[in-house]
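Structural features, examined
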Amino acid sequence: VDEDGKPLAGAVFELRRGSGAVLARETTDANGLIYRGFLTTDTYIVEEIQAPVGYLLDSNNPQSIYISVEDDNKEYSLTFVNKKKPAIEIIKVDENEPTKRLQGAVFRISEQGGSKSWDVTTGYDGTAILEHLDINTTYIVEEITPPRGYLNSGYREAIVLEECRVHTITVANGLAPKLRIEKIDEYNGRTLPGAVFRVAKEGGSDYKEVTTGFDGSVLLEDLEAGWYT
C-alpha cells in the first residue's frame, strides 16, 4: 500500500524460507496483494525486490515471519508501505501580476554530475511537473525558454530532494520591452504609412526591416533589453 493505505499494483516480492530457499517471486495485483497458501512450519523471509513505478522501496525491508501449521487455517499477513518518489513542480508567473500564470516556459531539469536531463513546459495553468525522481539527489533547474512576450528570468538553482514530496518552485518573469516607431509629416504631423526602418541591436549583426502601417506606426515586440539602432 501507499502512505494513505491505497493498494499498489506492480510491486515485486520474493518469498524465501529462513534457510534461503526461494519459494516464489511474484507481483502484487490490482488489489496490492500476493497470496501464498499451503505453507509448512518455518520462518519465512519476504523481501520487496522492486517497488511500483514512481514509488520507493519500503524502508522496513525485508520482513520475516514465523508460521506454524499448529495455527490451523490461520492466515498471516505482512504489510509493506511505499512512499511516493519526489517530484519537482514549477509555477511560472508574471513579475508584476503574481496571480497571472504563464504558459509556454521551458525548463531543463538535470541530475547534478549525471547524464540525465528532462525538458518540461508550463501548461495553460502555468505549471510543469516532473515526477518519479530520486531522493538524496541534487537536481539543477534552469529556465531555457521564457513565455512569449517575456524576458528569460535567468533562473538556475540546485535542489536536493531529500523528502518524498512535491518540491514547488515559483519563477517570475518580466515583460519583454517593445519598441514603437511612428512616422509623421514634419509640417502637419499627419501619420505616414509605408516607411521602412531597419532595426538592429547595437553590437549585433542581425537586423529586422519593418514598415509603418496605415496609422503611420509599427510595433516591435519580444525585444531584449539594450541599445538599438
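Scroll up to find the structure this text is about.
Reading the values: rules and limits
Residues numbered from 1 in each chain as written. Predicted model: local features only at pLDDT ≥ 70, side-chain atom pairs only at ≥ 80, totals over all residues. Heavy atoms only, no water. Helix = DSSP H or I, 4+ residues; strand = E, 2+ residues; numbered from the N terminus. Buried < 20%, exposed > 50% of the residue type's maximum accessible area, 1.4 Å probe, protein only. Lys, Arg positive; Asp, Glu negative; His and termini not counted. Salt bridge = Lys/Arg side-chain N within 4 Å of Asp/Glu carboxyl O. Polar contact = N/O pair within 3.5 Å; in protein donor to acceptor, adjacent residues only side chain to side chain. Contact = heavy atoms within 4.5 Å. Core = buried A, V, L, I, M, F, W, Y, C linked by side-chain atoms within 4.5 Å. Phe/Tyr/Trp six-rings, centres within 6.5 Å; stacked < 30°, edge-to-face > 60°. Lys NZ or Arg CZ within 6 Å of the ring centre and 35° of its normal.

**As for the side chain of Asp58**
Considering the arrangement of structural elements, one finds Asp58 in the loop between strand E3 (42-50) and strand E4 (63-67). It turns out Asp58 is buried and unbridged, and the closest side chain with the opposite charge, Lys83, is 8.8 Å from it. Within the local environment of Asp58, its side chain forms a polar contact with the backbone nitrogen of Val81, the two atoms lying 2.6 Å apart. Among all residues touching Asp58, those that are not within four sequence positions of it are Glu48, Gln63, Thr79, Phe80, Val81 and Asn82.

**Things to note about the nonpolar core**
Within the largest apolar cluster, 16 residues are counted, with the highest numbers of intra-cluster contacts made by Ile88, Ile90, Phe107, Ile109, Val120, Val141 and Ile169. Mapped by element, the contributors of at least two residues to this core are strand E5 (87-94), strand E6 (106-111), strand E8 (127-130), strand E9 (137-145), strand E10 (156-161) and strand E11 (166-173). Look past the residues within four positions of Val141 in its chain and what remains in contact with it is Ile88, Ile90, Phe107, Arg108, Ile109, Tyr155, Arg156, Glu157, Ile159 and Ile169. Of all hydrophobic cores here, the second largest spans eight residues; its members include Phe13, Leu15, Val46 and Ile65.

**Re the packing of aromatic side chains**
Per the stated rule, a full pass over the model turns up two aromatic pairs. With centroids separated by 4.8 Å and ring planes inclined at 65 degrees, the aromatic side chains of Phe13 and Phe80 adopt a geometry described as edge-to-face. Of this pair, Phe13 sits in strand E1 (residues 12-17) while Phe80 is found in the loop between E4 and E5, placing the two residues 67 residues apart along the sequence. Assigned by exposure class, Phe13 and Phe80 land together as buried. Judged by centre distance (6.2 Å) and plane angle (50 degrees), the rings of Trp118 and Tyr139 are tilted. Taken as a pair, Trp118 in strand E7 (residues 117-121) and Tyr139 in strand E9 lie far apart in primary sequence, 21 residues in all. On the basis of relative accessibility, which here comes to 1%, the residue Tyr139 falls in the buried class. One residue, Arg198, lies across the ring of Tyr207, its end atom 4.2 Å from the ring centre.

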